[in-house]
Amino acid sequence: MRTKSNSDAPLQSLRFMMAVRDYIIDDIQPDETASHRLKQAGLMSVMYLMHLSGETISVTALCGRIKMPRQVVVEALKSLESRNLISHSTVLHESGRGRVYAYALTEKAMNPSR
């Protein structure tokens, strides 16, 4: 009998990304374009990889990672939050001065087919 191992991780990641992509693409919101949904799906993939590596998911970290304008990232994050796929909390900035939003994947995001 085969047991779960780290060798299953790439397949699990692929399954997660496909399920989230399908959920976002199929869940059409009012006044939302296909392009907007594709941006959300792509952003969720990046956020999932950051989650797996233990990185703090912030707007600045996402903008640096995917080279998208801040406003585009913020707009996609708001849409993902309205779908209840992500949530945010405030944390102390890395420099120790000020606070920033840190995003996390919700239970719904981790099990999008449910």
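Residues numbered from 1 in each chain as written. Predicted model: local features only at pLDDT ≥ 70, side-chain atom pairs only at ≥ 80, totals over all residues. Heavy atoms only, no water.

Some details on the environment of V72
Along the chain, the position of V72 falls in helix α4 (residues 70-82). Residue V72 is classed as partly exposed on the basis of its relative accessible area of 26%. Here the alpha-carbon distance between V72 and H36, two residues 36 residues apart in the chain, equals 9.4 Å. (Helix = DSSP H or I, 4+ residues; strand = E, 2+ residues; numbered from the N terminus. Buried < 20%, exposed > 50% of the residue type's maximum accessible area, 1.4 Å probe, protein only.)

Quick word on unusual backbone geometry
In the Ramachandran plot, D31 falls in the positive-phi region, its phi being about 60° despite a non-glycine side chain. Residue position: D31 is located in the loop between α1 (9-26) and α2 (34-53). In this structure D31 comes out as exposed when scored by relative accessible area, which is 87%. Of note, the phi angle at N84 is positive, near 65°, even though the residue is not glycine. In this structure, N84 sits in the loop between α4 and β1 (86-92). When its relative accessible area of 46% is taken as the criterion, N84 is described as partly exposed.

Section: the pairing of strand β2 (residues 99-105)
Looking at chain direction, β1 and β2 are connected through seven bridges and run antiparallel. Bridging from a neighbouring strand, I86 pairs with L105 of β2. Taking the residues between adjacent antiparallel strands as the criterion, β1 and β2 are bridged by six residues, where G96 takes a positive phi near 90°. (Pairing = 2+ DSSP bridges.)

Considering the side chain of E32
Looking at where E32 falls in the secondary structure, it is placed in the loop between α1 and α2. Filtering out sequence-adjacent residues up to four positions away, E32 remains in contact with D27, R37, Q40, S79 and R83. (Contact = heavy atoms within 4.5 Å.)

A look at the environment of K39
Assignment of secondary structure puts K39 in helix α2. A relative accessible area of 37% means that K39 is categorised as partly exposed. The sequence separation of K39 and S13 amounts to 26 residues, and the corresponding C-alpha distance is 18 Å. Apart from the residues lying within four places of it in its own chain, the contact partners of K39 are M68 and V72.

A word on the environment of L80
The residue L80 is located in helix α4 in this model. As for L80 and L105, which are separated by 25 residues in sequence, their C-alpha atoms are 9.7 Å apart. Every residue in contact with L80, bar those within four places of it in the chain, is listed here: I24, Q40, L43, M44, M47, L85 and I86.

Examining the side chain of T106
Position of T106 among the secondary structure elements: in the loop between β2 and α5 (107-110). Only 2.6 Å separates the side chain of T106 from the backbone oxygen of N84, close enough to count as a polar contact. Those residues in contact with T106 that sit more than four places away from it in its chain are N84, L85, I86 and S87. (Polar contact = N/O pair within 3.5 Å; in protein donor to acceptor, adjacent residues only side chain to side chain.)

Quick look at the packing of α2 against α4
Contact geometry of α2 with α4 gives a least axis separation of 9 Å together with a crossing angle of 90°. Classified by the interaxial angle, the pair formed by α2 and α4 is roughly perpendicular. Across the interface between the two elements, H36, K39, Q40, L43, M44 and M47 of α2 pack against V72, V73, E75, A76, L77, S79 and L80 of α4. In terms of residue class, the contact of α2 with α4 is made up of eight nonpolar, three polar and two charged. (Axes fitted to C-alpha atoms, helices over the stretch in contact; angles between N-to-C directions. Parallel < 35°, antiparallel > 145°, perpendicular 65-115°, else oblique. Nonpolar A, V, L, I, M, F, W, Y, C, P; charged D, E, K, R; others polar.)

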